[in-house]
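Examining the three-dimensional arrangement
One letter stands for each residue in the lines below.
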Amino acid sequence: MDNDLAIQLDNICKTYGTKVAVEGLDMRLPRATICGLLGPNGAGKTTTIRIILDIIGADRGRVEVLGGPLTPETRDRVGYLPEERGLYTKMKVLELLVFLGELKGTARRVASGRARDWLERLELADWADKKVDELSRGMQQKVQFISTVLHEPELLILDEPFAGLDPLNVDTLKEIVLEQKRRGATVLFSTHNMDQAERLCERVVMIKDARKVLDGTLAEVRRQAWLEGQRQVLLAIEGEDGFLEDRSLVRAVEDRGTHKAVSLQDGVEPQRLLEAAMRSGSVVHRFEVSEPSLHEIFVTRARARE
Amino acid sequence: MNKLLAVIRREYLARVRSKWFIITTLLAPVFLVAAMTIPILLAVRQAERRVAISVVDETGEVTPELLKTDAFKEGRLRFRPAPRGDTEDVQRALRQQILDEGLAGYLYIPADVLEGGRVEYWGRDIGQTLVRATLRPAVTSAVRQLQARALGLDPATAARLAQPVAVEAYRVTEEGVAREEGQTVITAHILGLVIYMAVLLYGAMMLRAAVAEKTSKMVEIILSSIRPWQLMLGKTLGVGAVGLTQIAVWLGILGMFLVYAGSAQAFADAEFLKNLPVGFDTLLLFMGLFLTGYFLYSGMYASVGAIASTEQEASQLQIPVTLLVVVPLFVIPVVLEAPRSDASLVLSWIPFFTPILFIVRYVLGAVAIWEVPLVFTLQIVTILFVAWVGGRIYRVGLLMTGKRPTLPELVRWIRHG
């Protein structure tokens, strides 16, 4: 038992009928970190999360949460925002939050006070006594988010927390996630948005086809990709850029405003892109071979065949 | 424990506060009173209405006697002379009159009526009350008068001969002897029906409660905090408390009604209410059977709710369970007729039928005292079994959406759940 770990998974396996959902997954998540759980659709992220929370049981393997097996007491120290989320539509917002707080062992009065503070902060104070079905989807999502932090959990597990929110609300919730981390909480969240993951996470775990394909701090993961020869070229040019359309050289171009991040086809040396740029007669202002972005690493991993 | 209370409170308040609950709680007694009084009022009006009938009398002697009977003197029947002529033709004409709505019906009295010939009544509406309570006594009385005269007896003796002999029923029980006017049977029937309705009503409530987490997509949020059995138990107790609240309100209204009615002379004199065979023991048993019936069926309804993904789907899937509640409803008449028969005994012991049939037998005084602990033991064992199976189905079913499980899959859930 390791008390410095928020989550420890050893050789987790889960099959549904003939479909393998998770295969031999190991994971060690230190406390007070923010970790992104990445992977294509159907890779096994949600199953992994459900196994951590003992909503479904694993066929094999060992799960430890906050330094031990998941007891009812431990459960109260975890906050969970599922991907498939809703609210009792006929309940009033404040009552619902107090109820969900109570389910986590928070006393009614404490839960009520905190819920009011949170509603205030997320600009929902006027809605406290309204029924949930009068709220917009975005508002409901904020209420769901409040319910996961209301009991001040030590571990937060968020499944696609920002999906469907406008940029303002995404920023607000991100700020709260960072704040939770500063408070000492561990955050594991799954996302498809690599930019968000890159900006928020210290660690990433990537699952593909039921298996883990990446695990480490962001720096370690980038370093690993560099060592495997993955490169991205940051390019700023003036003039003809038709050579970027050449599919034998370039796999994808991401416009970042001041420059473009160019992903090369497998086996293509960055040098050849520079040659192509020179031949086109454009003026090259910037040509920098860099570590690939998380997005780039994700796409490479996701496309790789075993 | 606090979490369980939170679930119970939520389930309870969510229902008790709804408009539907308030409406049904207050309106049900109104409907009940209406259901009880309207048939009586209708029967009274029916009795007050005069029925116009003709008589085709082949003897020629019966009609004058018939007109002397109470039915005609009190005006319940009104005599409409029939046209003269061949009886076949007259009857055809009268039947046409009946169809033309002028005439309610006519009596055909054959020539050999004094020697046992059959009297016929032809009419548009053949009400059993009309035939049994009005026509039969009137015709009997008239015919007896003629028979008596033929034998040389005086009219008073003839009237006595026409009277049927009264047979009074007394029920012999451990508590003593009571005059029986059918109130025991009616009470037994009503108590059985009330349990039937309660099980169905709160079972359906439980069914909807069990699908609520799925339709609102709250399953995972809830299951990350509490265990499925806590959710199911909390729901069962919460909905059960709703049922008890509703019944308490209804009993309160009924009580006020009886106190109010009790002050009215008409009810104070009613033999029926005085002899109502509902003692404290009956009420206790009734509450006990209501509770076991509720727990038994709510467990089954909860399992059905867990298999379904939507309320519509749930209401299709609940049919087998509801059939199980409906069967004893159809068996009640059998038990009322012969509460001591082997069939009644065995049927009332079958746990799924016990809540409804056992109370019927008990009110009829057909239950041996040792049966009570036996039946309740069976109830509790069955409830535990249903809760165990239901809990397993519920646990797996909660996370399933979309595809409905097949029967073999269900068995697998139960075995490995």
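The rules behind the values
Residues numbered from 1 in each chain as written. Chains lettered and ligands numbered in written order. Predicted model: local features only at pLDDT ≥ 70, side-chain atom pairs only at ≥ 80, totals over all residues. Helix = DSSP H or I, 4+ residues; strand = E, 2+ residues; numbered from the N terminus. Buried ≥ 20, exposed ≤ 12 C-beta atoms within 10 Å, placed from the backbone. Contact = placed C-beta atoms within 7 Å. Rg over C-alpha atoms; globule rule 2.2 N^0.38 Å. Nonpolar A, V, L, I, M, F, W, Y, C, P; charged D, E, K, R; others polar. Pairing = 2+ DSSP bridges. Axes fitted to C-alpha atoms, helices over the stretch in contact; angles between N-to-C directions. Domains from an automatic or database assignment. Core = buried A, V, L, I, M, F, W, Y, C linked by C-beta atoms within 7 Å. Parallel < 35°, antiparallel > 145°, perpendicular 65-115°, else oblique.

1. Quick notes on the overall build of chain A
- Along chain A, the regular secondary structure elements total ten helices and 13 strands.
- Along the longest, intermediate and shortest principal axes, the C-alpha atoms of chain A span 70 × 45 × 35 Å.
- Residues classed as buried in chain A amount to 39% of the 306 residues present.
- Relative to all contacts within chain A whose residues are 6 or more apart in sequence, the contacts with residues 24 or more apart total 70%.

2. A short note on the overall build of chain B
- Summing up its helical and strand segments, chain B has 19 helices and six strands in all.
- Its C-alpha atoms give chain B a radius of gyration of 30 Å, clearly above 22 Å, the size a compact globule of 417 residues would have.
- Projected onto its principal axes, the C-alpha positions of chain B cover 95 × 50 × 45 Å.
- Counting across all 417 residues of chain B, residues that qualify as buried make up 32%.
- Considering only contacts in chain B between residues 6 or more positions apart, those separated by 24 or more positions represent 73%.

3. As for the interface of chain A and chain B
- Each partner contributes residues to the interface: chain A has 22 residues there, and chain B has 16 residues.
- For the side of chain A that touches chain B, the secondary-structure elements that each account for two or more residues are strand 5 (78-81) and helix 3 (93-103) of chain A.
- No other element matches the four residues that helix 3 of chain A contributes to the side of chain A that touches chain B.
- In terms of residue class, the side of chain A that touches chain B is made up of twelve nonpolar, four polar and six charged.

4. With respect to the sheet that holds strand 3 (residues 105-109) of chain B
Residues and elements named next belong to chain B.
- One open sheet holds the four strands; their spatial order is 2-1-3-4, and the pairing between them is mixed. Since the sheet does not close on itself, it has two edges, and those belong to strand 2 (77-79) and strand 4 (120-123), each with one partner. Sheet twist, expressed as the average angle between the axes of neighbouring strands with direction ignored, equals 30 degrees.
- The pairing of strand 1 (residues 51-57) with strand 2 spans three bridges and is classified as parallel. Bridge pairing links A52 to R78 in strand 2.
- Here helix 5 (residues 87-99) sits on the sheet in contact with strand 1, strand 3 and strand 4, set at roughly 170 degrees to strand 1.

5. Regarding the domain arrangement of chain B
- Assigned domains of chain B: these are domain 1 (50-167) and domain 2 (181-416).
- Here domain 1 of chain B and domain 2 of chain B have C-alpha centroids that lie 52 Å from each other.

6. Focus: unusual backbone geometry
- Here A:E152, not a glycine, exhibits a phi torsion of approximately 50 degrees, which is positive.
- Relative to the helices and strands, A:E152 resides in the loop between helix 5 (137-149) and strand 6 (155-159).
- You can call A:E152 partly exposed: it has 15 C-beta atoms within 10 Å.
- Residue B:K217 is not a glycine yet carries a positive backbone phi of 60 degrees.

7. Let's talk about the nonpolar core
- By size, the foremost hydrophobic cluster in this structure holds 137 residues, and its most contacted members are A:L97, A:I157, A:V204 and B:I359.
- With 13 residues, helix 13 (residues 280-307) of chain B is the single largest residue contributor to this core.
- Excluding residues within four positions of it along the chain, A:I157 makes contact with A:I49, A:I52, A:L53, A:V78, A:Y80 and A:L188.
- Counting 21 residues, the second largest nonpolar core, distinct from the first, contains B:L77, B:A104, B:L130 and B:L135.

8. Things to note about the packing of helix 5 of chain A against helix 6 (residues 167-182) of chain A
All names here are of chain A.
- Axis separation between helix 5 and helix 6 bottoms out at 12 Å; the angle between their running directions is 5 degrees. One way to sum up the angle between helix 5 and helix 6 is to call them roughly parallel. In this structure, helix 5 contributes G138, K142, F145 and V149 to the contact, and helix 6 contributes N169, L173, I176 and Q180.
- Split by residue class, the contact of helix 5 with helix 6 holds four nonpolar, three polar and one charged.

9. Overview of the domain arrangement of chain A
- Domain boundaries in chain A define domain 1 (1-77 + 153-226), domain 2 (85-148) and domain 3 (231-290).
- Between the C-alpha centres of domain 1 of chain A and domain 3 of chain A the distance comes to 35 Å.

10. Points about the sheet that holds strand 12 (residues 260-264) of chain A
Residues and elements named next belong to chain A.
- Spatially, four strands are ordered 11-12-10-13 in an open sheet, and the strand pairing comes out antiparallel. Lying at the two open borders of the sheet, with one neighbouring strand each, are strand 11 (250-255) and strand 13 (283-290). This sheet shows a mean twist of 25 degrees between the axes of neighbouring strands, independent of strand direction.
- In terms of strand pairing, strand 11 meets strand 12 through five bridges, oriented antiparallel. When the bridges of strand 12 are listed, D255 appears paired with K260.

11. Some points on the pairing of strand 8 (residues 203-208) of chain A
All names here are of chain A.
- In terms of burial, strand 8 is a largely internal element, six of the six residues being buried.
- The two faces of strand 8 match: R203, V205 and I207 on one face and V204, M206 and K208 on the other face are all buried.
- One ladder, built from four bridges, connects strand 3 (residues 34-38) with strand 8; its direction is parallel. Each residue of the ladder has a partner; that of G36, found in strand 8, is V204.
- A loop of two residues connects strand 8 with strand 9 (residues 211-217), the two strands running antiparallel in sequence, and D209 in this loop sits at a positive phi of about 50 degrees.

12. Here we look at helix 1 (residues 45-52) of chain A
All names here are of chain A.
- With eight of eight residues buried, helix 1 is to be regarded as a mostly interior element.
- Along helix 1, the residues that are buried comprise K45, T46, T47, T48, I49, R50, I51 and I52.
- Looking one or two residues past helix 1, D54 carries a phi angle of roughly 60 degrees, positive in sign.

13. Things to note about the environment of A:A111
All names here are of chain A.
- Examined against the element boundaries, A111 turns out to sit in helix 4 (residues 108-121).
- Sequence separation between A111 and F99 is twelve residues, and the spatial gap between their C-alpha atoms is 8.4 Å.
- Beyond its immediate chain neighbours, meaning those up to four positions away, A111 contacts L97, V98, G101, E102, T106 and L150.

14. Comments concerning helix 3 of chain A
- With respect to burial, helix 3 of chain A is a largely interior element, eleven of its eleven residues being buried.
- Within helix 3 of chain A the residues assigned to the buried category are A:V93, A:L94, A:E95, A:L96, A:L97, A:V98, A:F99, A:L100, A:G101, A:E102 and A:L103.
- Residues of helix 3 of chain A that are buried in the fold lie against helix 4 and helix 5 of chain A together with helix 1 (2-16) and helix 9 (219-223) of chain B.
- Positive phi appears at A:G105, one or two residues downstream of helix 3 of chain A, with a value of about 80 degrees.

15. Quick notes on the packing of helix 16 (residues 342-349) of chain B against helix 17 (residues 354-363) of chain B
Residues and elements named next belong to chain B.
- Running from N to C, helix 16 and helix 17 point in directions that differ by 135 degrees, and their axes come no closer than 7 Å. It follows from the interaxial angle that helix 16 and helix 17 lie oblique. For the pair formed by helix 16 and helix 17, the contact residues are S344, L347, S348 and W349 on the first element and T354, L357, F358 and R361 on the second.

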